[in-house]
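Structural overview
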Amino acid sequence: MVAEDYLSDQEIRDLGTESQAPFNPKPSIEVTLEEYDEWCKSWKQTLIVKPLGKRINLQTMERWINSRWGRNEAIRVMDFEERFFMVRFSCQEDYGYALFEGPWMIADHYLLVQRWRPLFIPQKTEVQKLATSVRISNLPTEPYNKHFLWKVGMSLGVMLRVDELTSIHSRRKFARICVEIDLRRKLVPSFTALGKDFKLEYEGLHQICFSCGRHGHKMDGCVELAEETKQDAEKHGEDSNRRHHRGGDNAGNLRQGK
Ligand SMILES: [Zn+2]
């Protein structure tokens, strides 16, 4: 067998001209919108999860996810960079359960659960979005409808759903919606409508530290984060001192092979 047996006539003809093509250090790969759409389809029922402040291995994660969320079908878990996991559901009900029924804790650490999004690349500084249930207390009967609750959700972030149960008046002590919020922003504590103020309560989020992932304190009271910031500041101070001594000699860096 020779290589030509595996090639088409066109490819064999191309072989002769290939070597004459100029070197391109950055070839551009064309992807059509149709192709891209097709690839996205299989990821739509996927969640991007990350245990905050704790390294958890794939086996443990897989076991935990399947025992908590795999109520109907087995769930595929893949590990990703920066401690992220891709969780692929084949059952829509299981997917909804994991997304809407949090907050989830794994080994005492908060599990960040996000919807899959196109071109997601895990980075430490990645925008942290999360789906959370929000309660609205003391809502009068008139605005107690999906249309109004949807408007409230949109003002907080990306509205995901109105809790079906709260639409039934038998449970009308509070209204409950599910919203995707951006963790870099502060939680909106209240809103105003029809001349009245309404308080918002984020289920399970009030005492979670989004830095170390533990329950019982907020990020601004995190000892671990304060320690890290202190160390960073010290390190930064050392670095700038070193630069200062070297007198900003960039060639020095080059010589050290950096
Ligand atoms: Zn903390």
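Notes on the structure in this doc start here. None of the values given here were measured: they were computed from a predicted structure.

What to know about the pattern of salt bridges
Side-chain pairs of opposite charge can arise whenever the charged atoms involved come near each other. Counted by the stated rule, this structure contains seven salt bridges. In this structure, Arg135 and Glu203 form a salt bridge, with 2.7 Å as the shortest nitrogen-oxygen distance. Linking Arg135 in strand E6 (residues 129–137) with Glu203 in the loop between strand E10 (196–202) and helix H6 (223–246), this pair joins segments that are 68 residues apart in sequence. Between Asp163 and Arg176 there is a salt bridge, and its shortest N-O distance comes to 2.3 Å. Taken together, the positions of Asp163 in the loop between strand E7 (158–162) and strand E8 (174–182) and Arg176 in strand E8 put the pair 13 residues apart, joining distant regions of the chain. You can call Asp163 buried: its relative accessible area is 7%. Salt bridges here are not isolated pairs; linked through shared partners, they connect Arg135, Asp163, Arg176 and Glu203.

Considering the coordination of the zinc ion
Ideal donor angles around a metal are set by the shape: a four-donor tetrahedron calls for 109.5 degrees, a six-donor octahedron for 90 or 180 degrees. Here the zinc ion is held by Cys209 (SG), Cys212 (SG), His217 (NE2) and Cys222 (SG), and the distances to it run 2.2 to 2.4 Å. Given four donor atoms and angles of 106 to 118 degrees at the metal, the environment of the zinc ion is assigned as tetrahedral. Read N to C, the donor residues that coordinate the zinc ion are spaced as C-x2-C-x4-H-x4-C.

Considering a negative patch on the surface
Negative charge collects at one region of the surface, where Glu227, Glu228, Asp232 and Glu234 lie side by side. Taking the relative accessible area as the measure of exposure, Asp232 reaches 52% and is therefore exposed.

Some points on the nonpolar core
Ranked by size, the top nonpolar core spans 27 residues in total, and within it Ile136 and Ile177 carry the most contacts. Elements with a minimum of two residues in this core: strand E5 (109–115), E6, helix H5 (146–156), E7, E8, strand E9 (190–193) and E10. For this core, the domains that each give at least three residues are domain 1 (43–115) and domain 2 (129–202). Residues in contact with Ile136, not counting those within four places in the same chain, are Leu149, Val152, Phe174, Ala175, Ile177, Phe191, Phe198, Lys199 and Leu200. With 23 residues, the next largest nonpolar core counts Ile65, Val77, Ile106 and Leu160 among its residues.

Some remarks on the pairing of strand E3 (residues 85–88)
The pairing of strand E1 (residues 46–51) with E3 spans four bridges and is antiparallel. Within E3, the residue paired with Val49 across the bridge is Phe85. As judged from the four bridges shared by strand E2 (residues 76–79) and E3, these two strands associate in the antiparallel manner. Within the sheet, the bridge partner assigned to Asp79 lies in E3 and is Phe85.

Looking at the packing of aromatic side chains
Inspection of every chain in the model, using the stated rule, returns 11 aromatic pairs. Taking 6.2 Å as the distance between ring centres and 50 degrees as the angle between the ring planes, the aromatic pair formed by Phe148 and Phe191 counts as tilted. Taken together, the residues span a long stretch of sequence, with Phe148 in helix H5 and Phe191 in strand E9 at a distance of 43 residues. Taking the relative accessible area as the measure of exposure, Phe148 reaches 15% and is therefore buried. The structure contains a cluster of three or more aromatic residues connected by ring pairs, namely Trp64, Trp69, Phe89, Tyr95, Tyr97 and Trp104. A cation sits over an aromatic face here: Arg71 above Tyr97, 3.7 Å from the ring centre. Here the guanidinium or amino end of Arg88 rests over the ring plane of Trp43, the centre of that ring lying 3.8 Å away.

The rules behind these values
- Residues numbered from 1 in each chain as written.
- Predicted model: local features only at pLDDT ≥ 70, side-chain atom pairs only at ≥ 80, totals over all residues.
- Heavy atoms only, no water.
- Salt bridge = Lys/Arg side-chain N within 4 Å of Asp/Glu carboxyl O.
- Helix = DSSP H or I, 4+ residues; strand = E, 2+ residues; numbered from the N terminus.
- Buried < 20%, exposed > 50% of the residue type's maximum accessible area, 1.4 Å probe, protein only.
- Donors = N, O, S within 2.8 Å, 3.2 Å for Na, K, Ca; no water.
- Tetrahedral: all angles 85-135°; square planar, octahedral: opposite > 155°, others 65-115°.
- Patch = residues over 30% accessible without salt bridge, like charges linked within 9 Å, V, L, I, M, F, W, Y side chains within 5 Å.
- Areas by Shrake-Rupley, 256 points an atom, 1.4 Å probe, with all protein chains shown as cover.
- Lys, Arg positive; Asp, Glu negative; His and termini not counted.
- Charge placed at Lys NZ, Arg CZ, Asp CG, Glu CD.
- Core = buried A, V, L, I, M, F, W, Y, C linked by side-chain atoms within 4.5 Å.
- Domains from an automatic or database assignment.
- Contact = heavy atoms within 4.5 Å.
- Pairing = 2+ DSSP bridges.
- Phe/Tyr/Trp six-rings, centres within 6.5 Å; stacked < 30°, edge-to-face > 60°.
- Lys NZ or Arg CZ within 6 Å of the ring centre and 35° of its normal.

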